Structure formats: structure tokens, C-alpha cells
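Reading the structure
Here are the chains, one letter per residue:
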Number of protein chains: 2
Amino acid sequence: MSRRASSKNETDTSDLDVRKATILQAVVVEHIDTAQPVGSTAVAASADLDVSPATVRSEMVTLEREGYLAQPHTSAGRVPTDKGYRYFVDHLKSGVLGEAQQVQISDFFKSVRGEVEGVLEQTSIMLSQLTNYTSVVVGPSHSHSSILSVQLVNLDSRHHLLVTVFSDGSVTKHSVLPTIEASHVEVTEASRQLNALLIGTTLDSRVQVPSRDDHVAILVRESVSVLHAQKPTTDGEQVFIGGSSRVAEAFDGVETVRKVLSILEQELLVVSLVQDILDQGLSVAIGSEHGFEPLSSCAVIVAPVTIDGEPAGAVGLLGPTRMKYREAMAAARVVSEHLTNHFANEEDHA
Amino acid sequence: MSRRASSKNETDTSDLDVRKATILQAVVVEHIDTAQPVGSTAVAASADLDVSPATVRSEMVTLEREGYLAQPHTSAGRVPTDKGYRYFVDHLKSGVLGEAQQVQISDFFKSVRGEVEGVLEQTSIMLSQLTNYTSVVVGPSHSHSSILSVQLVNLDSRHHLLVTVFSDGSVTKHSVLPTIEASHVEVTEASRQLNALLIGTTLDSRVQVPSRDDHVAILVRESVSVLHAQKPTTDGEQVFIGGSSRVAEAFDGVETVRKVLSILEQELLVVSLVQDILDQGLSVAIGSEHGFEPLSSCAVIVAPVTIDGEPAGAVGLLGPTRMKYREAMAAARVVSEHLTNHFANEEDHA
DNA sequence: GTTAGCACTCGATTCTACCGAGTGCCAAGA
DNA sequence: TCTTGGCACTCGGTAGAATCGAGTGCTAAC
């Protein structure tokens, strides 16, 4: 069972009676399938409540008044609203993935190997192929992991490279362009001191830099300051987006497609969006629930990935509000679990 | 003046007479502007050849017969063919960028700093904002630069990370999972030996690995093999694509948009496409000239970037065949020059 | 070679009619 | 009170006809 919105839906525990719920569900299912407004006759036929279309109709009037359904225009069928989808999703029995897909995912994680980045990128591609939706895979932020090793390498006498290895296996590099010209020996010594200084610390830690004025000390100081100067916006978050071309299929209207694509280009935005949704304790954000206007015709499914029980990224799927929630949610959940396992097993190697 | 196709157009030096050329150009310009078929009257009015529409018409018949123009249907105006665009581009006086844009580019390169990757990514975003087309920036392949430093770091006793720094400032990391369990001291020693072994070599070089059977030797062997196992497909090429959302504006027809986007997702494909075009000595590939069916409604503009006179990547722009060649080519050229300078100046720091 | 004149083509636009899916309402039945 | 069949009504979508007009190709005269 999926998590529920905490605040919004609390006020609205007005659980619909069984029949209304069935009707709503029928409308949602049908509309997801056909992308067309759904009429009373179709509902009466599909759902196995033995009532006439007329009855369905009068119920639909109520559902519309309560905000679960909407009519594109008089004399058209009904279409679910965001609220309608929300009810549907909240009452969705957690779906089970098809046999074939289960296997596909397992096979993928059996065969995948290599660096975290590679795995995450591959995963995002796989997930999008699996679901036909655009996928988002957010990797762990390494801002809290400690430094395992630092090395200052000189490219030329004025231009050095500071390579840092973190305990989570990530590596960063930073240019260091000191004001002074350092000899090879001095660089090596600075590198040694940096190691002594930084190993075991995190980027948040304050370290005691030498205040002397010799070349080595200057190198050390400048290196540390470059390393610590990481903007909180960058934060080492990594995000991989798979199947952005799916956006073109999922939405009609060039303008919508353009808007969504241009959001996806701004990776920081995507990360914070996913993070927001997770923070709200949701697993799906429908329409305007995430309060992000340009994506108001989208639904975003997220599932957290953990390492040692700590949140360490997430996988997500982005589609139209009329997406196939059951399958997509199941896929996201299963993949996130596999990913969590994958990382846990790597640890186990120890 | 732009470069010309070498083989194709050699056979076809049938330079159009002045009037035909003028008419062709007028059609191209107008169609680029309006996206509509262009009629004889419009041409007669726009181009400053003092002839009647009737004359233009009879010329257009010839141009059509010779394959420069096409008619969507009888009684519509003419539309340029790929060949028509090709002629237009080949006879385009190299455009000059607007003042504002010149400034924008200069400012960008004045303020940009940091790692190569960052610069290239930023550049791709800037270029796409500048032109309103999707941009492609291909970074230098580091497969031929030599190794400056190697370091083996152990994450845990069974899981090591091999971090390699290359002379061009790029850094790679590789997981090394040896069959044996090595002590901290052994890892350090292996790291030392790897440095001695690899510094100054390139990835193509063959190195003499120790054949002994102790832990250190095994670590060294496995590290070298992991490092050298880079698939030629990956090759360390890096590509940055900016403004993929522009695709949605540039093409009509969902299917086209989807196709183009899905090509852009396959970065290796993009790199080889750009490379192909450069290898052909072209600066623009129009329609099917690049022999790549899914992009047959696109034009691709490329401009090489060099370091020390050696090819080191390229910048590109992708748009519809009816793109604003003059401006876009100028932008690509100017940006590629700036980029070339940017890298040259970094060297100068030495 | 150029051009005015003219008949012709054919996509795009507009208008009309009309079909039909679907509604809301009501009155009769359970 | 709830359900349901009946019925008038709405209104988007489609099909067809009429029309418009941009643009052509051709021809005959300059």
C-alpha cells in the first residue's frame, strides 16, 4: 500500500462509499487506458456493480461535485481530476510486476557491475525502457561521506589538480591555480600534508590549515579552500535521466512537451523536486501536488534508495497524470529495492 | 566562407547563373523565415532582380528539374530541397554575429572557470540559449594523453578504487575487486609500483607487469588490466547536450520529435555523428547528407575545437533543415574559436 | 528572352447538416 | 428512499459542399 499525503488528505478522510469508489476507479482505469472521457454506460458495463447507467450517472454528479471527476464540457463523459487520481492511487493495492519484467530487472542487476555512476545511469535507462516513462535516478550525495585520500597532481607548474576520494567511492577533482609557482617537490609535500590533514574528515568539517607563508603552506591552504568551496547547490548530487524522449509520446501539445523537457534539463530542479516529494512522505505526486506549475500535467512516482538504512538517493518515474500507476509504482519500488540491495551487497564484500 | 563537400559537390560544379542563384537564395531565406512554401510573386518582390513573377516562375521550373527546389503539391509555392539548402550554405558569406551575441560569448568565456567538464557543459547550455537550437559539445578524448598519476585506494579490504589522472587533466576511476585480500600496506605498495609502472604511458601502451604471485603483484596486475580494459566504444569521449527541449519547438510532428530525442539520448551515436561530419570535412550536414535516416529532417552544424593544433572535440548545433544557417554557423564557429583559445590560454599559464 | 493574361489546380477555410455519445431530469416502480 | 427506463437536450466531431485564393503552367504578344 502506498503512503498517503499527510496533511492534505487528513482533512478529507471522507472515504467514499463502496459504490462511488468502484465507479471512480472504473473511470480512472478506463481513462488511463483510452485517454478519452468516460461515460456512464461504459462504467456500468465495466465495473461489476449491477446498476444501470442512470444510477451511475447520478453518482457521478456527486463525485463531480466533490471534486473527484470533471467534465471537459457538457455532454461529454467524465475525466478524473488530480484528486480523483489521488484517491485511486491511495487505494491501489500494491501491484505485482509481470513475470517477464521481474526477470528483466533481476537479470539486469545480476549482470550490472562497475562504478556507481555507471550502474545508476544504466538503471535509469533500464527503468525507462521497462516502463515507457521517463525515469529519474538520483544518486547518493557524497557530502557527508568522509575523505579517504587526497592527492595534488601538478599538470604544469601553475596548474594543479586536486583529486579527492571519498569513503562512498566517489571521486572529485578540482583545479587549483595558486598564485605562486611551486616545485615538484613542494607539490608532493603539499599532497602529503593534505592527506594528513583531510583524511577522515567530511566536507563540512573545519580543519586547521597551516598559516605559514611558504609555498607548501600556500598550496595546502588554497587546496583546502577550493575543496571546501563547493556550493551547496552542487552538493555532489548526481542525477541520471533516462528516456527523455518518452516525454514526446506521453504528452500532447508541443508546448507541454517543451516545458517538461526544459525542466528535465535543469537537473538541480529535478533533484529537489524528487527530494521534496520524498520529504512529504509521498510516493506519488499527482498534477499540482508538488506545487510546481510547469509540471502540473505530470505525475511523478518516487521510491527511496537506502544504504545502511540511510536515505541515499531515489528512483523516480515521470509521466502524464493518466499514467499506469500500478505498473509504474511497482517497477519503481522493485528497482529501488534492487538498487538498495545492490549497494548493500557491495558492502557485504567486506 | 564555409567548407564545401569534397566529393559530392565536385561533380556538380554546375554553378547556377546569377539569377537562378538569387532566386534560390530568396526561396531559402523566405522559407526559413516563414516555414511556408514560397511563391513566385514573393520572390519577385523580395529579391532585387527586376523581373516579373512569370520569369521567376520559369526559372523555378528549371531549379525544380535540377533538384534544388520541390513542390509540396501542384499550385503551392516551392520549398528548398536538401540540395537547395546545400547550395545556399556553400555560397553563404560567412555571417557576422550580432554585437550583443559577441558580447554574450565573450562575457561567458571571461567568467567561466573550473574543470574542463564544467566548462564544456556550461558552453553547451550557453550555445543553445544563444541560438535557440540544441547544442552538442564534444570534449577531447583522453585516450591519447599520458598518465600523470595513479593511485590505488582501498574502500574496504576487498574493494579498491583505482584513480588515474591524465595529462589533459581528466580523471578516471575504476573498481578493482581482486580475488585476494590485501593489507593496507600491500595496497600502498601496489599503488607505488603502479605509479612507477604507468606514469608517462598512455592507455595504448603495453606495460611489463610483474609475474610474481604475491598480493602486491596480483593487485598491480589486476589494476592494470582493469585500467586497460576500457572498451573502445567508451573511449573517454565526453559529450554535453544543451537545450534538448528546443527539439520540441524545432520540429512539428510528435514522431519526429521523439525520434530526434531518442537519438540524442544515445550519446555515443551523437559523438560518432559529429565525428563523421568532421571527417568528411564538412561544417554542415543537411538532411540525409550524413546518411543517418532518423535525422533526415535535421541539419547539423559542426565546428572543430583544437588544442595545440590537434583536433580535440567539437561544438555542434542541431536544428531543422530550415534553420538559420548564417547565425547558427557563425555562433558555432565563434564559440569553437573561443573554446580553442580557452584551452590554449590554460596551457599558456605554464 | 520577357511578360501580361488567363485558365486551372488544389489545399485551406468556412458553413451546414447531422450524427451520436452522453448528459440531466423526471416520473414510475421497488 | 433508492433505482431505473424514458426522453429531451447539448454539443463536439465528422462529412460534404461551397468557396476562396495563392500559386501554377501555358501561351501569345512584345
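For the structure given in this document, a descriptive report is provided here. (Residues numbered from 1 in each chain as written. Chains lettered and ligands numbered in written order. Predicted model: local features only at pLDDT ≥ 70, side-chain atom pairs only at ≥ 80, totals over all residues. Heavy atoms only, no water.)

**Observations regarding the pattern of salt bridges**
The full count for this structure, using the stated rule, is 26 salt bridges over all chains. Between R86 of chain B and E289 of chain B there is a salt bridge, with the nearest N and O atoms lying 2.6 Å from each other. Residue R86 of chain B is located in helix α4 (residues 82-90), and its partner E289 of chain B is located in the loop between β8 (284-286) and β9 (298-307); the two are separated by 203 residues in the primary sequence. Each member of the pair, R86 of chain B together with E289 of chain B, is buried. Residue R212 of chain B pairs with D214 of chain B through a salt bridge whose shortest N-O separation is 3.2 Å. Assessed through its relative accessible area of 30%, D214 of chain B is described here as partly exposed. Several salt bridges share partner residues, and in doing so they unite D17, R19, K20 and E59 of chain A into one network. (Salt bridge = Lys/Arg side-chain N within 4 Å of Asp/Glu carboxyl O. Helix = DSSP H or I, 4+ residues; strand = E, 2+ residues; numbered from the N terminus. Buried < 20%, exposed > 50% of the residue type's maximum accessible area, 1.4 Å probe, protein only.)

**Remarks on the sheet that holds strand β5 (residues 159-166) of chain A**
Residues and elements named next belong to chain A. Spatial strand order, β4-β5-β6: three strands in an open sheet with antiparallel pairing. With partners counted over all chains shown, the strands left at the sheet margins are β4 (147-156) and β6 (171-176), one partner each. Taking the axes of each pair of neighbouring strands and ignoring which way they run, one obtains an average angle of 20° across the sheet. As judged from the eight bridges shared by β4 and β5, these two strands associate in the antiparallel manner. Bridging across to β5, S149 finds its partner in V165. Set on the sheet, helix α8 (residues 215-228) makes contact with β4, β5 and β6; between it and β6 the angle comes to about 125°. (Pairing = 2+ DSSP bridges. Axes fitted to C-alpha atoms, helices over the stretch in contact; angles between N-to-C directions. Contact = heavy atoms within 4.5 Å.)

**Focus on the packing of helix α1 (residues 18-34) of chain A against helix α4 (residues 82-90) of chain A**
Residue and element names in this part refer to chain A. Contact geometry of α1 with α4 gives a least axis separation of 10 Å together with a crossing angle of 105°. Looking at the two axes, α1 sits roughly perpendicular to α4. Here A21, L24, Q25, V28, V29, H31 and I32 of α1 lie close against α4, whose contacting residues are G84, Y85, Y87 and F88. Partitioned by chemical class, the residues of the contact of α1 with α4 number eight nonpolar, three polar and no charged. (Parallel < 35°, antiparallel > 145°, perpendicular 65-115°, else oblique. Nonpolar A, V, L, I, M, F, W, Y, C, P; charged D, E, K, R; others polar.)

**Remarks on the relation of the copies chain B and chain A**
Overlaying chain B on chain A yields an RMSD of 0.1 Å, the required transformation being a rotation through 180° with an accompanying axial translation of 0.0 Å. The superposition operator between the copies reduces to a two-fold rotation axis. When the interface residues of chain B are mapped onto chain A, 100% of them are again interface residues, pointing to one common binding face. (Least-squares fit on C-alpha atoms with pLDDT ≥ 70 in both.)

**Some thoughts on the pairing of β9 of chain B**
Residues and elements named next belong to chain B. In terms of residue burial, β9 counts as a mostly covered element, since seven of its 10 residues are buried. Judged from the three bridges that link them, β8 and β9 form a sheet pairing that is antiparallel. Paired with V284 across the strands is I301, a residue of β9. Pairing of β9 with strand β10 (residues 310-320) involves nine bridges; the strand directions are antiparallel.

**A closer look at the sheet that holds strand β3 (residues 134-138) of chain A**
Residue and element names in this part refer to chain A. The strand order β7-β3-β10-β9-β8 describes an open sheet built from five strands, whose pairing is antiparallel. A strand with exactly one partner marks an edge of an open sheet, and here the two such strands are β7 (239-242) and β8 (284-286). Strand-to-strand, the axes of this sheet are offset by a mean angle of 15°, without reference to chain direction. Lying on the sheet, helix α6 (residues 116-131) is in contact with β3, β7 and β10 (310-320); it crosses β7 at an angle near 30°.

**Considering α8 of chain A**
Because each turn of an α-helix spans 3.6 residues, side chains separated by three or four positions in sequence point in the same direction. All names here are of chain A. End to end, α8 covers 20 Å across 14 residues, agreeing with the expected 20 Å (1.5 Å per residue, within 8%). Turning to α8, its buried residues are V216, A217, I218, L219, V220, S223, V224 and L227. On its buried side, α8 packs onto β4, β5, β6 and α7 (184-198). (Expected span 1.5 Å × (residues − 1).)

**As for the protein's contact with DNA strand C**
Neighbouring residues of DNA strand C: 20 residues in total, closest S40 and R57 of chain A together with R19, T55 and S75 of chain B. At the protein interface, 76% of the atoms of DNA strand C within 4 Å belong to sugar or phosphate. Between DNA strand C and the protein, one listed contact pairs a base oxygen with a side-chain N or O atom of S75 of chain B at 2.9 Å. Mapped by element, the contributors of at least two residues to the surface near DNA strand C are α3 (53-65) of chain A together with α3 (53-65) of chain B. Partitioned by chemical class, the residues of the surface near DNA strand C number five nonpolar, 10 polar and five charged. (Near = heavy atom within 4 Å. Polar contact = N/O pair within 3.5 Å; in protein donor to acceptor, adjacent residues only side chain to side chain.)

In short, shape yes, function no, at least from these values alone.
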